[in-house]
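Descriptive structure summary
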Amino acid sequence: MKQKSSAKVVTANSLIEGDVVWLAKDGSWTGSLKDAHPYTDPELAQAALEQADKRQSEVVGCYLADMHLGPDGLEPTHFREDFRRRGPSNYAHGKQSQG
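My aim in this report is to walk through the structure given alongside it, one point at a time. These numbers were taken from a predicted model, which means no experiment stands behind them. (Residues numbered from 1 in each chain as written. Predicted model: local features only at pLDDT ≥ 70, side-chain atom pairs only at ≥ 80, totals over all residues. Heavy atoms only, no water.)

1. Quick word on the sheet that holds strand β3 (residues 29–30)
- A sheet is described by the order of its strands in space; here five strands give the open sequence β3-β2-β1-β4-β5, paired in antiparallel fashion. Sheet topology places β3 and β5 (73–76) at the edges, where each strand pairs with a single neighbour.
- Note: strand β4 (residues 59–70) against β5, four bridges, orientation antiparallel. Pairing of H68 across the sheet is with E75, part of β5.
- The strands touched by helix α1 (residues 42–53) are β1 (5–14), β2 (20–23), β3 and β4; relative to β4, the strand with the most contacts, the crossing angle is about 155°.
- Contacts from helix α2 (residues 79–86) reach β1, β2, β4 and β5 within the one sheet, and its direction differs from that of β4 by about 110°. (Pairing = 2+ DSSP bridges. Helix = DSSP H or I, 4+ residues; strand = E, 2+ residues; numbered from the N terminus. Contact = heavy atoms within 4.5 Å. Axes fitted to C-alpha atoms, helices over the stretch in contact; angles between N-to-C directions.)

Printed below as a string of structure tokens:
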């Protein structure tokens, strides 16, 4: 069985909306995990996190999340990240109401 490659993504919560966001390759914040930039180099991932953490007027709670690089793109390695990408669980709204 082929082992999946691992990567990290920078994730946070949007300061105004509170939505989960990920850092894209162009440095913008995206609400879609599929558009997040995967870092396979730990030093580059840490540097991106440090820069993102300075953007306190845009986001809060920046951290690095572990991901697998699968055939369909990024796949969370932990249930927390899978839960975060789907949105709130108390009733269908936001991401959940969109399918």
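Past the structure itself, the notes keep going.
2. A look at α1
- Taking 1.5 Å of rise per residue, 12 residues should cover 16 Å, and α1 covers 16 Å from first to last C-alpha, within 8% of that figure.
- Residues A45, A48, L49 and A52 constitute the buried set of α1. Taken around the axis of α1, the buried residues stretch over an arc of 100°, which confines them to a single face.
- Those residues of α1 that are buried are in contact with β1, β2, β3 and β4.
- Where α1 begins, the capping side chain belongs to D41, and its oxygen is found 2.8 Å from the backbone nitrogen of E43. (Expected span 1.5 Å × (residues − 1). Buried < 20%, exposed > 50% of the residue type's maximum accessible area, 1.4 Å probe, protein only. Arc of directions from axis to C-beta. Polar contact = N/O pair within 3.5 Å; in protein donor to acceptor, adjacent residues only side chain to side chain.)

3. As for the pattern of salt bridges
- If you walk through the whole model with that rule in mind, you get three salt bridges.
- The shortest N-O distance in the salt bridge between K34 and D35 comes to 3.9 Å.
- A residue is classified by how much of its surface remains accessible, and K34, at 69% relative accessible area, is exposed.
- For E58, the salt bridge identified is with R55, shortest N-O distance 2.9 Å.
- Among the residues examined, E58 registers a relative accessible area of 34% and is labelled partly exposed. (Salt bridge = Lys/Arg side-chain N within 4 Å of Asp/Glu carboxyl O.)

4. Some remarks on the pairing of β4
- Summarising the sheet, β1 and β4 pair through nine bridges and their orientation is antiparallel. Bridge assignment links S5 to a residue of β4, and that residue is L69.
- Counting the residues between successive antiparallel strands, the hairpin from β4 to β5 contains two residues.

5. Quick look at the side chain of T11
- Along the chain, T11 turns up in strand β1.
- Reaching out from T11, the side chain makes a polar contact with the backbone oxygen of V21 at a distance of 2.9 Å.
- If we skip the residues at most four places from it in the chain, T11 touches V20, V21, W22, G61, C62, Y63, A65, E81 and R84.

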